[in-house]
Amino acid sequence: PLSIALDTMADAPLDTAPFIQKEFDDGIAVSYNKRDLLTYAVGIGCSDLRFVYEHDFDFQAFPTYPVVLAFKGTDQDVVDFPSEAMQETTSLPPLSGICTVL
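Residues numbered from 1 in each chain as written. Predicted model: local features only at pLDDT ≥ 70, side-chain atom pairs only at ≥ 80, totals over all residues. Heavy atoms only, no water.

Peer 1: Sorry, what's going on with the environment of Leu-37 here?
Peer 2: Tracing the chain through its elements places Leu-37 in helix α3 (residues 34-43). Distance in space between the C-alpha atoms of Leu-37 and Tyr-65 is 7.3 Å, their sequence separation being 28 residues. Setting aside anything within four residues of it in sequence, one finds Leu-37 in contact with Tyr-32, Phe-51, Phe-59, Ala-61 and Tyr-65. (Helix = DSSP H or I, 4+ residues; strand = E, 2+ residues; numbered from the N terminus. Contact = heavy atoms within 4.5 Å.)

See below:
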């Protein structure tokens, strides 16, 4: 079944630019703190001190951390999935053979 869905998608390319453009133009409010950065880095199994030790001289966010900002928005606690921030901004392109249930 998965290979059929992929074959169908390969035959009919979808222009996703209108969906991407809309999302980035509108923007969403997000926030994070050191705890969020540390929890993310440890959660993905990182052991590099610049990502998991806040007193490291070169402390920084793991490069893929910004991906989760759309999930959490400005919440500082555990959020439901899909989060309120996601529900406010998510616009999914139509994917043939794929059913999305929210």
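Peer 1: So what exactly am I meant to see when it comes to the pattern of salt bridges here?
Peer 2: Oppositely charged side chains can pair when the atoms bearing their charge come close. Under the defined criterion, the tally for this structure stands at three salt bridges. A salt bridge links Asp-36 to Arg-35, with the shortest nitrogen-to-oxygen separation between them at 3.3 Å. Among the salt bridges present, the one from Asp-48 reaches Arg-50, with a minimum N-O distance of 3.0 Å. The partly exposed category is assigned to Asp-48, whose relative accessible area is 32%. Looking at Arg-50, the relative accessible area reads 32%, which means it is partly exposed. (Salt bridge = Lys/Arg side-chain N within 4 Å of Asp/Glu carboxyl O. Buried < 20%, exposed > 50% of the residue type's maximum accessible area, 1.4 Å probe, protein only.)

Peer 1: Which parts of the structure should I look at to understand the packing of aromatic side chains?
Peer 2: Between two aromatic rings, the relevant description is the distance of the centres plus the angle of the planes. Here the structure, examined in full by the defined rule, presents four aromatic pairs. Between Tyr-32 and Tyr-65 the ring centres are 5.7 Å apart and the planes differ by 65 degrees, which places this aromatic pair in the edge-to-face class. Of this pair, Tyr-32 sits in the loop between α2 (17-26) and α3 while Tyr-65 sits in the loop between α4 (49-52) and α5 (66-72), placing them 33 residues apart in sequence. Seen in terms of ring centroids, Tyr-40 and Tyr-65 are 5.4 Å apart; in terms of plane orientation they differ by 75 degrees. Their pairing is edge-to-face. Placement of the pair is Tyr-40 in helix α3 and Tyr-65 in the loop between α4 and α5, with a sequence separation of 25 residues. Assigned by exposure class, Tyr-40 and Tyr-65 land together as buried. Members of the aromatic cluster, connected to one another through ring pairs, are Tyr-32, Tyr-40, Phe-51, Phe-62 and Tyr-65. (Phe/Tyr/Trp six-rings, centres within 6.5 Å; stacked < 30°, edge-to-face > 60°.)

By themselves, these observations are geometric and do not establish any function.
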